[in-house]
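Listed below are the residues making up each chain.
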Amino acid sequence: MAASLTSLARRTISTSLRNYAASGAAHGHEGGTKQWKMVSLLVAMPAIALCMFNAFSGDHDHPPEFVPYEHLRLRTKRFPWGDGNKSLFHNPHVNALPDGYEEH
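Computed from a predicted structure; not experimentally measured. (Residues numbered from 1 in each chain as written. Predicted model: local features only at pLDDT ≥ 70, side-chain atom pairs only at ≥ 80, totals over all residues. Heavy atoms only, no water.)

Participant: Help me understand the overall build of the protein chain in this model?
Facilitator: Within the protein chain, the regular secondary structure consists of two helices and zero strands. Within the protein chain, the proportion of its 104 residues that are buried is 5%. Relative to all contacts within the protein chain whose residues are 6 or more apart in sequence, the contacts with residues 24 or more apart total 30%. When the accessible surface of the protein chain is split by element, carbon and sulfur atoms take 64% of a total near 9,500 Å². (Helix = DSSP H or I, 4+ residues; strand = E, 2+ residues; numbered from the N terminus. Buried < 20%, exposed > 50% of the residue type's maximum accessible area, 1.4 Å probe, protein only. Contact = heavy atoms within 4.5 Å. Areas by Shrake-Rupley, 256 points an atom, 1.4 Å probe, with all protein chains shown as cover.)

The following block contains the structure:
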């Protein structure tokens, strides 16, 4: 039973692939470049513009309120640079230290 189902599946897949390949060669790919150019201009560019507007608009000056959760910002040993408390790519506007945000 399983062997007959396997052979049926193989025949169906090979026939489908053969028909797909034959139809692609006969019809060609006319308009494919034009289609993707239009998709890029009408979908991708407005999406990028909306993302840029979202990123650069609004009030992003204040960090969220600091909550000293016990499972975050654990330091089992000091970092080998600076004062040992800040990561290599520390950003004082975004990254909090274990005791809170830095004052500016």
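The discussion continues.
Participant: I'm lost on the side chain of His 90 in this one. Help?
Facilitator: Mapping His 90 onto the fold places it in the segment after α2 (32–56). Within the local environment of His 90, its side chain forms a polar contact with the side chain of Glu 102, the two groups lying 2.5 Å apart. Dropping the residues within four chain positions of it, His 90 is found in contact with Asn 95, Leu 97 and Glu 102. (Polar contact = N/O pair within 3.5 Å; in protein donor to acceptor, adjacent residues only side chain to side chain.)

Participant: Just to check I follow, could you spell out α2 for this structure?
Facilitator: Owing to its 3.6 residues per turn, the α-helix brings residues three or four apart onto one side. Compared with the 36 Å implied by 1.5 Å per residue over 25 residues, the 35 Å span of α2 between its first and last C-alpha is a close match. Considering bend angle alone, the principal kink of α2 is centred on Ser 40 and spans about 30 degrees. Where α2 terminates, the next one or two residues include Gly 58, which has phi positive at roughly 95 degrees. (Expected span 1.5 Å × (residues − 1). Bend = angle between axes of the 7 residues up to and from the residue.)

Participant: Before we go on, may I ask you to explain the packing of aromatic side chains in this structure?
Facilitator: Any two aromatic rings considered together are summarised by their centre-to-centre distance and by the angle between their planes. The full count for this structure, using the stated rule, is two aromatic pairs. Their ring planes at 15 degrees and their centres at 5.4 Å tell us that Phe 79 and Trp 81 sit as a pair that is stacked. Taking the relative accessible area as the measure of exposure, Phe 79 reaches 27% and is therefore partly exposed. The exposure class of Trp 81 is partly exposed, given its relative accessible area of 34%. (Phe/Tyr/Trp six-rings, centres within 6.5 Å; stacked < 30°, edge-to-face > 60°.)

Participant: Would you mind going over the environment of Gly 100 with me for this structure?
Facilitator: With respect to the helices and strands, the residue Gly 100 is situated in the segment after α2. The buried category is assigned to Gly 100, whose relative accessible area is 7%.

Participant: How should I be thinking about unusual backbone geometry in this particular structure?
Facilitator: A negative phi holds for most residues other than glycine; trans holds for most peptide bonds. Not every positive phi belongs to a glycine, and Arg 73 is a case in point at roughly 55 degrees. Its location among the elements puts Arg 73 in the segment after α2.

Participant: What's the story with the pattern of salt bridges in this structure? I'm lost.
Facilitator: Opposite charge on two side chains makes pairing possible when the charged atoms of those side chains draw close. Under the counting rule described, the total for this entry stands at one salt bridge. Salt-bridge contacts for Lys 86 lead to Glu 102; the nearest nitrogen and oxygen are separated by 3.4 Å. One end of the pair, Lys 86, is in the segment after α2; the other, Glu 102, is in the segment after α2, and 16 residues separate them in sequence. Take Lys 86: its relative accessible area is 27%, and that puts it in the partly exposed class. (Salt bridge = Lys/Arg side-chain N within 4 Å of Asp/Glu carboxyl O.)

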